[in-house]
Amino acid sequence: MNVITHRRIDLLLARYAESHRHPLNEAIHCICVPAIVLSLLGLLWSATPLLAVVVVVASLVYYLTLSPAFAFGMLAMAGAMLLILSRLPAASVLPASVAIFVAAWIGQFIGHKIEGKKPSFFEDLRFLLIGPLFVLSLLYRRWRIPY
């Protein structure tokens, strides 16, 4: 008797992928999801850099429960984003973050219009945290990195 076990991350990615099958929507997400993460960290950084770091750490703890390989990838991505934010002039972080946030969400909704399906997070807010892992999973598959 074969027992197939599905990890929680596999199930979450499969559910997320259901509304991200169109190649153009997928490409838009590969640009806009990281941009949204950067802009959210920038908004938090504007309040206080410590807040951005705390949110990154909390997210990494969640990602670690799903997949250590994804947690490592998100650590690298978030670390790079925090480094970028630390190098920007403080006065430019908030306006740049707001502009990126708005533009990236417009892109996301255009992608979903093309897809013909509503964004996954409308059904489950967890998918706001799964979106970055979906993008990372595309990269991991291309580079044959197991997760």
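Not measured: the values here are computed from a predicted model.

> Help me out: how do you make sense of the overall build of the protein chain in this one?
Looking only at helices and strands, the protein chain has 6 helices and 0 strands in total. Each helix (α) and strand (β) of the protein chain, taken in turn from the N terminus, gives the series α-α-α-α-α-α. Since a compact globule built from 147 residues should have a radius of gyration of about 15 Å, the 16 Å found for the protein chain is in line with a globular shape. Once the C-alpha set of the protein chain is aligned to its principal axes, its extents read approximately 60 × 35 × 30 Å. Of all 147 residues assigned to the protein chain, the portion counted as buried reaches 41%.

> Where do I start with the nonpolar core in this structure?
Side chains that are nonpolar tend, in soluble globular proteins, to be buried together. Among the nonpolar cores identified, the biggest contains 40 residues, and L13, L41, Y63, L66, F70, I130 and L133 are the most heavily contacted of them. Broken down by secondary-structure element, the contributors of at least two residues to this core are α1 (8–17), α2 (23–47), α3 (49–66), α4 (68–87), α5 (90–115) and α6 (127–142). Among the elements that take part in this core, α2 stands out by supplying 9 residues, more than any other. Beyond its immediate sequence surroundings of up to four residues, Y63 is in contact with A71, M74, L129, P132 and L133.

> Looking at this structure, I do not really get the state of the cysteines. What am I missing?
Counting across every chain of the model gives 0 disulfides. C32 takes part in no disulfide bond, and the closest cysteine sulfur to it belongs to C30, at a distance of 9.8 Å. Judged by relative accessible area, which is 9%, C32 ranks as buried.

> Looking at this model, I keep getting lost on unusual backbone geometry. Mind explaining?
Backbone phi values are negative for most residues with the exception of glycine, while trans is the configuration of most peptide bonds. In the Ramachandran plot, R144 falls in the positive-phi region, its phi being about 60° despite a non-glycine side chain. Mapping R144 onto the fold places it in the segment after α6.

> What should I look at first to understand the packing of aromatic side chains in this one?
Within this structure, the stated rule accounts for 11 aromatic pairs. Ring-pair connections join several aromatic residues into one group, and the members of that group are F101, W105, F109, F121 and F122.

> Would you mind showing me how to read the packing of α2 against α5 here?
How two helices sit against one another is set out by the angle between their axes and by the gap between those axes. Relative to each other, α2 and α5 sit at 155°, their axes nearing to 8 Å. It follows that α2 is roughly antiparallel to α5 by the angle criterion. In terms of crossing hand, the pair formed by α2 and α5 is left-handed. When its residues are assigned to classes, the contact of α2 with α5 shows 19 nonpolar, 10 polar and 1 charged.

What counts and what doesn't
- Residues numbered from 1 in each chain as written.
- Predicted model: local features only at pLDDT ≥ 70, side-chain atom pairs only at ≥ 80, totals over all residues.
- Heavy atoms only, no water.
- Helix = DSSP H or I, 4+ residues; strand = E, 2+ residues; numbered from the N terminus.
- Rg over C-alpha atoms; globule rule 2.2 N^0.38 Å.
- Buried < 20%, exposed > 50% of the residue type's maximum accessible area, 1.4 Å probe, protein only.
- Core = buried A, V, L, I, M, F, W, Y, C linked by side-chain atoms within 4.5 Å.
- Contact = heavy atoms within 4.5 Å.
- Disulfide = S-S within 2.5 Å.
- Phe/Tyr/Trp six-rings, centres within 6.5 Å; stacked < 30°, edge-to-face > 60°.
- Axes fitted to C-alpha atoms, helices over the stretch in contact; angles between N-to-C directions.
- Parallel < 35°, antiparallel > 145°, perpendicular 65-115°, else oblique.
- Left-handed = near helix turned anticlockwise from the far one by under 90°.
- Nonpolar A, V, L, I, M, F, W, Y, C, P; charged D, E, K, R; others polar.

Any link to function would need more than the numbers given here.
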